[in-house]
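Architecture and fold: a report
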Amino acid sequence: MPAKLIKGDKVAAHLYEEMAAELKDIYEDTGLMPGLAVIIVGEDPASLSYVTNIEKRSKQLGFDVVVHRLTVDVSEGDLLQLIDELNYNDDVHGIMVQLPLPEHINPHVVQETVDPEKDVDGAHPINMGKLFSDEKGYIPSTVHSVMQMIEFTRQPLYGKKAVLIGRSNIVGKPLSLLMLRRNASLTICHSYTEDLPEICREADVLIAATGKPGFVKEDWVKPGAIVIDVGVSQVDGKLVGDVDFAAVKNTAGWISPVPGGVGPITITMLKWSTLEAFKKSIAAG
Ligand code: NAP
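Criteria and cut-off values
- Residues numbered from 1 in each chain as written.
- Predicted model: local features only at pLDDT ≥ 70, side-chain atom pairs only at ≥ 80, totals over all residues.
- Heavy atoms only, no water.
- Core = buried A, V, L, I, M, F, W, Y, C linked by side-chain atoms within 4.5 Å.
- Buried < 20%, exposed > 50% of the residue type's maximum accessible area, 1.4 Å probe, protein only.
- Helix = DSSP H or I, 4+ residues; strand = E, 2+ residues; numbered from the N terminus.
- Contact = heavy atoms within 4.5 Å.
- Axes fitted to C-alpha atoms, helices over the stretch in contact; angles between N-to-C directions.
- Parallel < 35°, antiparallel > 145°, perpendicular 65-115°, else oblique.
- Nonpolar A, V, L, I, M, F, W, Y, C, P; charged D, E, K, R; others polar.
- Pairing = 2+ DSSP bridges.
- Right-handed = clockwise from strand over helix to strand, strands pointing away.
- Left-handed = near helix turned anticlockwise from the far one by under 90°.

**Regarding the nonpolar core**
One finds V146, I150, L175, M179, V205, I207 and I228 to be the most contacted residues of the largest nonpolar core, which totals 37 residues. Contributing elements (two or more residues each) for this core: α1 (8–30), α6 (141–152), β5 (161–165), α7 (172–181), β7 (205–208), β8 (226–229) and α10 (262–283). Ignoring anything within four residues of it in the chain, the contact list for L175 reads V143, V146, M147, L164 and I207. Among the nonpolar cores identified, the runner-up in size contains 18 residues, and V163, A208, V221 and V248 belong to it.

**Some words on the packing of α1 against α6**
Relative to each other, α1 and α6 sit at 100°, their axes nearing to 10 Å. Judged by the inter-axis angle, α1 sits roughly perpendicular to α6. Between α1, through K10, V11 and L15, and α6, the contact on the second element is made entirely by Q148, M149 and F152. Within the contact of α1 with α6, the residues separate by chemical class into four nonpolar, one polar and one charged.

**Quick word on the pairing of strand β3 (residues 64–70)**
Looking at chain direction, strand β2 (residues 35–41) and β3 are connected through seven bridges and run parallel. Bridge assignment links V41 to a residue of β3, and that residue is L70. Of the crossover connections in this fold, the one passing from β2 over helix α2 (residues 45–60) to the parallel β3 is right-handed.

**Side note on unusual backbone geometry**
For the bond from L99 to P100, the omega torsion is 5°, close enough to zero to count as cis. Here P100 is to be found in the loop between β4 (94–97) and α4 (107–113). Here the bond from V258 into P259 is cis, since omega is 0°, no more than 30 degrees from zero. Mapped onto the elements of the fold, P259 is located in the loop between β11 (254–255) and α10. A positive phi is found at D134, a non-glycine position, where the angle reads about 60°. Looking at the element boundaries, D134 is found in the loop between α5 (125–132) and α6. Within the chain, D195 stands out as a residue other than glycine whose phi angle is a positive 55°.

**Focus: the side chain of E55**
Mapped onto the fold, E55 is located in helix α2. Given a relative accessible area of 17%, E55 falls into the buried group. Residue contacts for E55: discarding those within four places in its chain leaves V65, V67 and R69.

**So, the sheet that holds β8**
Taking strand neighbours across the sheet as the criterion, the six strands line up as β1-β11-β8-β7-β5-β6 in an open arrangement whose pairing is parallel. On the outer flanks of this sheet lie β1 (4–5) and β6 (185–189), each paired with one strand and no other.

**Concerning the packing of α1 against α10**
Where α1 contacts α10, the axes come no closer than 10 Å and their chain directions differ by 25°. Here α10 runs roughly parallel to α1, going by the angle between their axes. For the element pair α1 and α10, the recorded crossing hand is left-handed. Residues G8, D9, V11, A12, L15, Y16, E18, M19, E22, L23 and I26 of α1 form the contact with α10, whose own contacting residues are P264, I265, T268, M269, K271, W272, L275, F278, K279 and I282. Counted by class, the contact of α1 with α10 contains 14 nonpolar, two polar and five charged residues.

Here it is, written out as structure tokens:
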């Protein structure tokens, strides 16, 4: 039997409705809208398309979203100054800086400049530290959406064998902490891992975040497993994931497509965190 599809829009639908209702109530009471500032530097096509989608989808839901499109030669100082202004702007509740940044800009310095209370994509070391120590803070939207997808399957995660391919700061590492929080027995793999297909075959939950198109093959997948594909690459002008979807869907129990999987929920989770920041700011007066 072919795998059940974990479609991003379907997973995000109830979150969207919940947020729309909350926003309506808050707007009727206060006349205020959540403000989201997105900063993009340069013309990376995948980043531009992601940011345009954030802009469109956030406006649809009633967010006041402003995209700051900076040229690739912007200085680090000018970028930090913009972030500082946004930190002090009371109409801005969330700030997201799209990566990658050009080589002359240090991403760590940039992420540390964003006010942790407005760091709705969980990139600031304070929010990363909170994730590490199981405290409430903002978590990266991508990993938040992977957890929503697993929840959507209604399959318990505790005690299950989970394999995560990828250990980056924005996907693999934070995701590993959330999986542990949910009591999965986790194996983290990377480019030095030996016998990767064999390790993957053990997985009840297999998550691929490598950026290698079609990397995960059908015979790497345990029958009935949940397979989540975080990878996004462009091949011949088309978006493709890390998983050989056409073949793996015949073996997996659940599978997320690319496009239409993690991507759409990621934007929803970014709005979710911005709404949280907005509500905190209202509560603080
Ligand atoms: P990254 O920083 O390049 O990390 C890739 C990871 O994959 C690294 O840990 C790397 O291992 C591992 N890897 C590479 N080749 C491998 C191999 N042959 N065998 C095993 N592991 C291998 O990428 P990222 O930022 O985490 O992003 C990963 C993918 O997710 C990309 O396609 C990106 O576009 C996508 N993404 C999607 C979203 C979304 O919302 N849909 C958001 C963020 C990222 P080493 O550490 O040993 O190098």
